[in-house]
Amino acid sequence: MAITRDDVLKALSSVTVDRGGTPLPGSGRLSQVVIDSGNRVMFSILIDPSEAELFEPVRREAEGRVLALPGVSSVLVSLTSERAQGAPNPSAAPRSAGGAPAGAPPPRQGNALPGVRHIVAVASGKGGVGKSTTACNLALGLSAQGLRVGLLDADIYGPSVPKLLGLSGKPRVIEGKVLEPMQAYGLKAMSIGFLIEPESAMIWRGPMVQSAITQMLRDVAWGELDVLVVDMPPGTGDAQLTMAQATPLSGAVIVSTPQDLALIDARRGVTMFRKVSVPILGVIENMATFICPNCGHASAIFGHGGARHEAERLEVPFLGEIPLTMAIRETSDAGRPVVATDPDGPQAKVYREIAQKLWGTLTGAPAGRAAPRIVIE
């Protein structure tokens, strides 16, 4: 059964936003209603930041009313203080040049996830540097130490975790809207890719992206975890700020290739996390060298050592170098990550040593062996 915008507005007409009984659709607070091909309904409610607690019951009621419509598969409702076109700007506070309210204190970290000991963001300033592959194998490297590990794919526009872990299908709903994470190679995993068709285009605005990330983080039965690794989307936009400000991150790992073009964007990532008081746990140089599968010769296609030098300049830990090899590419494309399928191989060893060093940084324990380094002859 096809759902129309009118169906949604009719359902929302019984949701009131004030004591005077003003219906949500006529309040000027309702965003555009988006309905995708899978009958998933998405919209946001405009509020002042100070109204967040007051409007949470309104958000839940609106979500329930629409979810009760026949044919609706899921509903995503967010509260946003982003000004909608043509809508009043509720009690706008003076802003500083950096975009924060003038005189505001540093952003407050969000509420902890029950049972999750550490949350680590794996980020990059730009796409194409192998961040998702690194996050996946880093999570497996942590798991190889006997740790309980989860992997959250926070890249809404380009989810990679389903492909990297060879997972398909949809997660099971345990109760209400709480989802059971998918599992592969000992990892618990969640991704928007499990909830949409593989070729669907996510044409979502910032508030919807923020709400989706928050729900995948908090409406999933992660259980007891030592580490939740978050594969962040590239860049320094809404998704990154949502994770940094609404989540108690233990820290961030920055992934970059060695060349100057990638390092420029990596610096922006470091700066963003520092501005929101998230510790930088380290920098990883990916695709550090190309290892010829025939003769084993190492070639510095993208240069070499750039990320190491950048880490030294920024005074943050350098976690290690990952080579560019056919084995990593082939196993990633096949959904059989190299750390899980060839745990004793040279590529898996690199990831496991980086994971060991990261865990030592998180816990204050000795890091063990030094970060792996590939020497170019």
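Residues numbered from 1 in each chain as written. Predicted model: local features only at pLDDT ≥ 70, side-chain atom pairs only at ≥ 80, totals over all residues. Heavy atoms only, no water.

Two elements in contact, helix α3 (residues 131–143) and helix α11 (residues 346–363), have axes whose closest approach is 8 Å; the angle formed by their N-to-C orientations is 70 degrees. Accordingly, the angle class assigned to the pair α3 and α11 is roughly perpendicular. Between α3, through T133, T134, N137, L138, G141 and L142, and α11, the contact on the second element is made entirely by Y351, R352, I354, A355, L358 and W359. (Axes fitted to C-alpha atoms, helices over the stretch in contact; angles between N-to-C directions. Helix = DSSP H or I, 4+ residues; strand = E, 2+ residues; numbered from the N terminus. Parallel < 35°, antiparallel > 145°, perpendicular 65-115°, else oblique. Contact = heavy atoms within 4.5 Å.)

This paragraph deals with the pattern of salt bridges. For the structure shown, the criterion picks out 9 salt bridges. In this structure, R59 engages E56 in a salt bridge whose closest nitrogen and oxygen atoms are separated by 2.9 Å. Highlighted residues: R59 and E56, both in helix α2 (residues 52–67), separated by 3 residues, approximately one helical turn. Between D231 and K131 there is a salt bridge, with the nearest N and O atoms lying 2.7 Å from each other. Separated by 100 residues along the polypeptide, D231 in strand β10 (residues 225–231) and K131 in helix α3 bring together distant segments of the chain. Through salt bridges with shared partners, a single network forms among E56, R59, R60 and E63. (Salt bridge = Lys/Arg side-chain N within 4 Å of Asp/Glu carboxyl O.)

Right, let's get into the UniProt feature "binding site: ATP" (unreviewed entry) in the protein chain. Per the UniProt record, "binding site: ATP" (unreviewed entry) is annotated on G125, K126, G127, G128, V129, G130, K131 and S132. Discounting chain neighbours no more than four positions away, the residues touching G130 are N286 and M287. With respect to the helices and strands, the residue S132 is situated in helix α3. Here S132 falls in the buried class, since its relative accessible area comes to 13%. Not counting residues within four places of it along the chain, the set of residues in contact with S132 comprises S160, L164 and D231. (UniProt positions renumbered as here; feature names shortened; annotations may be inferred. Buried < 20%, exposed > 50% of the residue type's maximum accessible area, 1.4 Å probe, protein only.)

All buried positions along helix α9 (residues 326–333) are accounted for by I328, T331 and S332. Buried residues of α9 fall within an arc of 100 degrees about the axis and therefore sit on the same side. Packing partners of the buried residues in α9 comprise α3, α4 (161–165), β14 (318–324), α10 (338–341) and α11. Just downstream of α9, G335 is the residue with a positive phi angle, here 70 degrees. (Arc of directions from axis to C-beta.)

As a further point, take the pairing of strand β2 (residues 40–46). Most of β2 sits inside the fold, with 7 of its 7 residues counted as buried. Where burial is concerned, the two faces of β2 agree: the one with R40, M42, S44 and L46 and the one with V41, F43 and I45 are both buried. As paired strands, strand β1 (residues 34–35) and β2 are joined by 2 bridges and run antiparallel to one another. Its bridge partner being in β2, V34 is matched across the sheet by M42. Judged from the 7 bridges that link them, β2 and strand β3 (residues 74–80) form a sheet pairing that is parallel. In the strand pairing of β3, R40 is matched with S74. (Pairing = 2+ DSSP bridges.)

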